[in-house]
Amino acid sequence: MPAPQSFTRGDADATAPTGGSVTEETHAHLLRIHREILERADIALDDNFFDLGGNSLLAFRVIKRVAELLGARVSAQAVFTAGSIRELAARVDEARTAQAATGTDDSASRSSDHLGRASMAQEWAVLSGVSDPDAPALQFHVVYRVRGPLDRAALHAASQDVVDQHPALRTVLRVDGPTVRQHVADPAALLLVDDVSWLPEQDRPREALRILDQEVRRTFDRTRAPLTRTHLVRCAPDDHFLALVFDHVAADGWSLDVIVKDLGAAYRSRLAGEEPGLTDSGAYQDWSARQWDGFQNGRADEVAGYWKEQLGPDPAAFAVRLPGYRPDRGLADPASLHLDVPSETVAALDDICRQLRTTPYCVSLAVLKALIARQTGRSRVTVLTTAANRLEPEYQDTVGWFANGVFPTSDLDLSQTFRQLVVAVRETALAATAHGDLPAWYVRRRMWPTVPAGFRKDPGVYFMFNELWGRSLRLAGTEVEPVFLAETADSPGLHMWLLRDGPVVGLTVLHHRSEYTAEYVREFAGDFLGAVAALARRPDLPVREVLDAGRHQSFPTIQTGS
């Protein structure tokens, strides 16, 4: 059915109920917000967000729209745990009342040319690079195949528009004693072009991906802007491969969706000879200043105290080592594994999410923790995951490095049902999100100033479930298809990503063969996917009983690389 029309604050105020209570006004706004974001007209006050198809990314959009239209800052927990839109409305009213009483000013400062201290994550990355020049580069990429007539000049101009619009992409970072300063520059966008059309047709895609594989591993000079590159490989007049590469100090995965939306809009405008209208949001430099203000006013102690209570005083108890781990071999021989998740497993996962009114991330995280507990004998399991850290609505569309590592830690009783386990893990994940506003490295340093010789602080398993970042790129007159190009692990342990691209879900595992053999990683990944399907289909049986029913291996399309 068609999506309802979008609306502005003025539209909403003009059509809000008159003569009613604040709650009635809030009801009207929230219904409109949910209909807009979920693209459904048949939504009522007693409907549940997750029953309607909501997920964590859409929840953040709800938070942003509530702030824009009602001036209320509500937490992610309020959205995730509300049983209905009516219940969320009550929480919104409570937030509005509390903010009115304290005189909270939610307006964002807009000094995009502000030059100040780098954010905590930027400062750590730059200083770490100085102290260890051989450390793996912190950067990420996305690759597309573009079929159809592509205007190279318009693409270059659009890339410049994006760099001009988002100060984080044109910021240089310079060491200033023990700190790092950020300086906004005015650079030319980089569009690199190769041509492989001279090769036999069947060899062109492979050569294009080989070129781009080298490109995405080429590091940036953080003292020169921009901290992004666009690389185009021409296979034929109407067939190209396109890579967008970013230094992580300038952007994160969430930023990528803002960037590709703007790139598509700018390309369309350039073809039409018009000036583009791009995303307007709070400045990353202002957010960085807010972060340091919070640190200086006790937030760092508050967050570190929370994690110390969760993780305990002993760093050795924090690290997870799976049975296949090979100690004392160092880090060498990076590898990747990709599995296509069977459609029946995806269907089972989606069904249990609707039943339990939670996200695929929470369900999958619960499965992973249960499997780790079963294989290691641990009753308390920590993994590393990433918090989007976009809780301030005015910065949700800001390009920059917001994402932080967090350590959701859970006590596991495998005699519980999976339904009970998911509820407990969800609470853990929500609490981690609420305490995810400081970089993981900083929290660990505050907790453990010294660690045993040779000890690596990483918990051993990293996990995320995401919609495929950047899949929304549209270049007018062409067909754009995301292309998988393997990354490599930049730290110890297993790095596991479930990535959804529409109805398709894939599992990618990055590791070093010096720590875990490829055979062991393949086996563990298969056990994980099998356990997802088994536990999702039997949520009311004890977890141990389901896991003990047999090995759950499933190996569809497998791709490995170094």
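Only a predicted model underlies this, so the values are computations on that prediction, with no experimental measurement involved.

About the criteria used
Residues numbered from 1 in each chain as written. Predicted model: local features only at pLDDT ≥ 70, side-chain atom pairs only at ≥ 80, totals over all residues. Heavy atoms only, no water. Helix = DSSP H or I, 4+ residues; strand = E, 2+ residues; numbered from the N terminus. Buried < 20%, exposed > 50% of the residue type's maximum accessible area, 1.4 Å probe, protein only. Contact = heavy atoms within 4.5 Å. Areas by Shrake-Rupley, 256 points an atom, 1.4 Å probe, with all protein chains shown as cover. Phe/Tyr/Trp six-rings, centres within 6.5 Å; stacked < 30°, edge-to-face > 60°. Core = buried A, V, L, I, M, F, W, Y, C linked by side-chain atoms within 4.5 Å. Salt bridge = Lys/Arg side-chain N within 4 Å of Asp/Glu carboxyl O. Polar contact = N/O pair within 3.5 Å; in protein donor to acceptor, adjacent residues only side chain to side chain. 1 Å grid on protein atoms, 1.4 Å probe; cavity = no way out; pocket = protein on both sides within 12 Å on 5 of 7 lines; lining within 4 Å. Points joined across faces, edges and corners; volume = space filled by probe spheres on them. Pairing = 2+ DSSP bridges. Nonpolar A, V, L, I, M, F, W, Y, C, P; charged D, E, K, R; others polar. Expected span 1.5 Å × (residues − 1).

Colleague: Which residues make up the overall build of the chain, and what are the values?
Modeller: Regarding its fold elements, the chain presents 18 helices and 16 strands. Relative to its 562 residues, the chain shows a buried fraction of 54%. Contacts spanning at least 24 positions in sequence make up 78% of the contacts within the chain whose residues lie at least 6 apart. Here the chain has roughly 23700 Å² of accessible surface; of this, 49% comes from carbon and sulfur atoms.

Colleague: Which residues make up the packing of aromatic side chains, and what are the values?
Modeller: Within the structure shown, the criterion is met by 16 aromatic pairs. Judged by centre distance (5.2 Å) and plane angle (25 degrees), the ring pair of F140 and F246 falls under stacked. Residue F140 is found in strand β1 (residues 139-147), and its partner F246 is found in strand β6 (residues 239-247); the two are separated by 106 residues along the sequence. For the pair F140 and F246, one class covers both residues: buried. Judged by centre distance (6.0 Å) and plane angle (70 degrees), the rings of F463 and F528 are edge-to-face. Placement of F463 in strand β12 (residues 461-467) and of F528 in helix α17 (residues 518-537) is noted, with a sequence separation of 65 residues between them. Under the relative-accessibility criterion, F528 is labelled buried at 0%.

Colleague: I'd like a description of the environment of V509, backed by residues and values.
Modeller: Summarising the element assignment, V509 is placed in strand β15 (residues 504-512). By relative accessible area, which is 2% here, V509 ends up buried. As a C-alpha pair, V509 and L498 span eleven residues in sequence and 8.9 Å in three-dimensional space. Other than its neighbours up to four places away in sequence, V509 contacts A335, S336, L337, L494, H495, M496, V521 and A525.

Colleague: Run through the nonpolar core, naming residues and quoting values.
Modeller: In this structure, W307, M496, L507 and F528 are the most contacted members of the largest nonpolar core, which totals 78 residues. Not counting residues up to four positions away in its chain, the partners in contact with W307 are G312, V406, F407, P408, A432, H435, V443 and M447. Within the second largest apolar cluster, 59 residues are counted, among which are L199, L242, A250 and F402.

Colleague: Give a description of unusual backbone geometry that names residues and reports values.
Modeller: Residue A225 is joined to P226 through a cis peptide bond whose omega torsion reads 0 degrees. You can see P226 is positioned in the loop between α8 (204-215) and β5 (228-236). For R357, which is not glycine, the phi dihedral falls at a positive 55 degrees. Its location among the elements puts R357 in the loop between α13 (343-356) and α14 (360-376). Residue class for R357 comes out partly exposed when judged on its relative accessible area of 36%. Unusually for a residue other than glycine, N389 sits at a positive phi of about 60 degrees. Residue position: N389 is located in the loop between β9 (385-387) and β10 (404-406).

Colleague: Lay out the pattern of salt bridges in plain terms, naming residues and giving numbers.
Modeller: Applying the stated criterion across every chain yields a total of 28 salt bridges. Of the charged contacts in the structure, one is a salt bridge between D239 and R145, with a shortest N-O distance of 2.8 Å. Of the two residues, D239 sits in strand β6 while R145 sits in strand β1, which places them 94 residues apart along the sequence. In this structure R145 comes out as buried when scored by relative accessible area, which is 17%. Ionic pairing is found between R354 and D351, a salt bridge with its closest N-O pair at 4.0 Å. With R354 and D351 both in helix α13, this residue pair falls three residues apart, about one helical turn. When its relative accessible area of 46% is taken as the criterion, R354 is described as partly exposed. Because the salt bridges share partners, they merge into one network encompassing D161, R270 and E275.

Colleague: For the side chain of T279, give the residues involved together with the corresponding values.
Modeller: For T279, the position within the fold is in the loop between α9 (253-272) and α10 (284-296). A relative accessible area of 9% places T279 in the buried class. At 3.4 Å, the side chain of T279 and the side chain of K261 are in polar contact. Of note is the side chain of T279, whose polar atom sits 2.9 Å from the side chain of D262.

Colleague: I'd love a proper account of the layout of surface pockets, names of residues and values included.
Modeller: By volume, the second largest pocket amounts to about 560 Å³. As for the second largest pocket, its lining consists of 21 residues, of which R299, N389, L391, E392 and D437 are closest to the centre. Residue assignment for the lining of the second largest pocket shows that the elements contributing at least two residues are α4 (76-81), α10 and α15 (418-434). For the lining of the second largest pocket, the element with the most residues is α10, which contributes four residues.

Colleague: Provide a residue-level description of the pairing of strand β3 (residues 179-184), including the pertinent values.
Modeller: As paired elements, strand β2 (residues 171-176) and β3 share six bridges and run antiparallel to each other. Bridging across to β3, R174 finds its partner in R181. Linking two consecutive strands that pair antiparallel, namely β2 and β3, is a turn of two residues; a positive phi of about 65 degrees is found at G177 within it.

Colleague: Now, about the side chain of T385: what can you tell me, with residues and values included?
Modeller: Along the chain, T385 turns up in strand β9. Polar side-chain contacts of T385 include one of 3.1 Å to the side chain of Y361. At 2.8 Å, the side chain of T385 and the backbone oxygen of F463 are in polar contact. Once residues within four sequence positions are removed from consideration, T385 is found in contact with Y361, N404, G405, V406, P408, Y462, F463 and M464.

Colleague: Could you give an account of empty space enclosed by the protein, naming the residues involved and the relevant values?
Modeller: Applying the stated rule across the entire model yields four cavities of 30 Å³ or more. Empty space within the largest cavity amounts to approximately 110 Å³. Along the wall of the largest cavity there are 13 residues; nearest its centre are S159, V162, T228, T230 and L244. When its residues are assigned to classes, the lining of the largest cavity shows nine nonpolar, three polar and one charged.

Colleague: Now, about helix α7 (residues 152-165): what can you tell me, with residues and values included?
Modeller: In an α-helix there are 3.6 residues to a turn, and that puts residues three or four apart on one side. End to end, α7 covers 20 Å across 14 residues, agreeing with the expected 20 Å (1.5 Å per residue, within 8%). Listing the buried residues of α7 in full gives A154, L155, A158, S159, Q160, D161, V162 and V163. For α7, the elements touching its buried residues are β4 (191-195), β5, β6 and α9. The N-cap residue of α7 is D151: its side-chain oxygen and the backbone nitrogen of A153 are 3.1 Å apart.

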